[in-house]
Amino acid sequence: MSERLRGVVGQLAIRPGDRVLEIGCGQGVAATMVCQLLSTGTLTAIDRSVRMVEAATRRNAPYVASGKAEFLIASLEDVNLGDRRFDLVFAVRVGLFHRDPARARALVEPWLAPGARVRSFFDVPV
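This write-up is about the structure you can find in this document. (Residues numbered from 1 in each chain as written. Predicted model: local features only at pLDDT ≥ 70, side-chain atom pairs only at ≥ 80, totals over all residues. Heavy atoms only, no water.)

### Things to note about the overall build of the protein chain
As a reminder, the rule being used: Secondary structure elements are defined from DSSP: runs of H or I of at least 4 residues count as helices, runs of E of at least 2 residues count as strands, and each element is numbered from the N terminus. Throughout, the radius of gyration refers to the C-alpha atoms, and the reference size of a globule is 2.2 Å times the residue count to the power 0.38. Here's how the labels work: a residue is buried when its accessible area is under 20% of the maximum for its type, exposed when over 50%, partly exposed in between, all with a 1.4 Å probe on protein chains only. Only heavy atoms matter for contacts: two residues are in contact if any of them lie within 4.5 Å across the pair. Here the accessible surface of atoms and residues is derived via Shrake-Rupley with a 1.4 Å probe, and residues count as covered only by protein chains that are part of the display. Charge assignment in this entry is limited to Lys and Arg as positive and Asp and Glu as negative, and neither His nor the chain termini are counted. Positions of charges follow a simple convention, taking NZ of Lys, CZ of Arg, CG of Asp or CD of Glu.
What the protein chain contains, in helices and strands, is six helices and five strands. Its helices and strands taken in sequence order, the protein chain reads α-β-α-β-α-α-β-β-α-α-β from the N to the C terminus. Taking 14 Å as the expected radius of gyration for a compact globule of 126 residues, we find that the protein chain reaches 13 Å, a close match to that expectation. Among the 126 residues that make up the protein chain, the fraction classed as buried is 46%. Within the protein chain, residue pairs in contact and separated by at least 24 positions form 71% of the contacts whose partners lie at least 6 positions apart. Only carbon and sulfur atoms are counted for the fraction: they give 53% of the accessible area of the protein chain, which is about 6600 Å². When the 17 basic and 13 acidic side-chain charges of the protein chain are each reduced to a single mean position, those positions are 4 Å apart.

### Details of the packing of helix α1 (residues 3–11) against helix α2 (residues 29–37)
Note the following rule: Interaxial angle, 0 to 180 degrees, is taken between N-to-C directions of lines fitted to C-alpha atoms, where a helix line uses only the stretch in contact. When an angle is under 35 degrees it counts as roughly parallel; over 145 it counts as roughly antiparallel; between 65 and 115 it counts as roughly perpendicular; any other value is oblique. What makes a crossing left-handed is the near helix being turned counterclockwise from the far one by less than a right angle; a clockwise turn instead makes it right-handed. Ten residue types, Ala, Val, Leu, Ile, Met, Phe, Trp, Tyr, Cys and Pro, are classed as nonpolar, four, Asp, Glu, Lys and Arg, as charged, and the remainder, Gly among them, as polar.
Two elements in contact, α1 and α2, have axes whose closest approach is 10 Å; the angle formed by their N-to-C orientations is 40°. Between α1 and α2, the angle falls in the class oblique. Like other packed secondary-structure pairs, α1 and α2 cross with a definite hand, here right-handed. Contact with α1, carried on its side by L5, R6 and V9, involves V29, A30, M33, V34 and L37 of α2 and no other residues of that element. Residues that form the contact of α1 with α2 fall into these classes: seven nonpolar, no polar and one charged.

### What to know about the layout of surface pockets
Heads up, the condition is: Think of a 1 Å grid over the protein atoms and nothing else: a 1.4 Å probe that fits but is trapped marks a cavity, an open set flanked by protein within 12 Å on at least five of seven lines marks a pocket, and residues with an atom within 4 Å of a point count as lining. Grid points are joined across faces, edges and corners, and a volume is the space filled by probe spheres set on the points.
One number sums up the size of the largest pocket: a volume of about 530 Å³. If you go around the largest pocket, you meet 25 residues; those closest to its centre are G24, D47, V92, R93 and V94. For the lining of the largest pocket, the element with the most residues is helix α5 (residues 95–99), which contributes three residues. Here the residues of the lining of the largest pocket sort into 12 nonpolar, six polar and seven charged.

### Quick look at the nonpolar core
This is how the line gets drawn: The criterion is simple. A nonpolar core is a set of buried Ala, Val, Leu, Ile, Met, Phe, Trp, Tyr and Cys residues joined through side-chain atoms within 4.5 Å.
Among the nonpolar cores identified, the biggest contains 24 residues, and L12, V34, L43 and F71 are the most heavily contacted of them. Where this core is concerned, the elements lending two or more residues are α1, α2, β2 (42–47), α3 (50–59), β3 (69–73) and β4 (86–92). Tallying contributions element by element places α2 first for this core, with six residues. Those residues in contact with F71, other than ones at most four positions away along the chain, are C25, A31, L43, A45, V53, A56, T57, N60 and V64.

### Regarding the sheet that holds β3
We apply this condition: The rule for pairing is simple: two strands pair if DSSP sees at least two bridges between them.
The five strands lie next to each other as β3-β2-β1-β4-β5, forming an open sheet whose pairing is parallel. Pairing within the sheet leaves two strands with one partner each, and these edge strands are β3 and β5 (112–121). Sheet twist, expressed as the mean angle between neighbouring strand axes with direction ignored, is 15°. Looking at chain direction, strand β1 (residues 19–23) and β2 are connected through five bridges and run parallel.

Quick look at the structure:
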């Protein structure tokens with residue numbers, strides 16, 4: 001597992017019952033780490049790449065089967081999560097959160113539960 005992602009997930013302060021939304025889940029590595037920390041909570045993860053969502057779903061098949069995780073093909077600009085609310089929203093290396101954090105925050109605002117945390121991480125790949 002990626003030490004960088006382990007460090008990111010460690011900074012999220014995930015609580016066992018959190019409802020978590022990950023923007024740009026890639027192959028689902030961080031999603032696995034998040035799911036390991038959830039007991040009654042759930043993870044919804046989106047990525048605009050079909051290939052990445054397929055890989056993330058395979059990697060996290062037991063969590064998907066148990067209903068703890070779901071992976072959706074969608075961009076942040078186009079996703080429709082209905083009336084769901086999340087306690088934590090996070091993104092790693094998602095350009096919009098780096099280039100235009102106010103717009104990114106506005107896009108996730110409708111899904112934030114009271115007291116929700118929004119965290120984004122952006123570092124240059126080595």
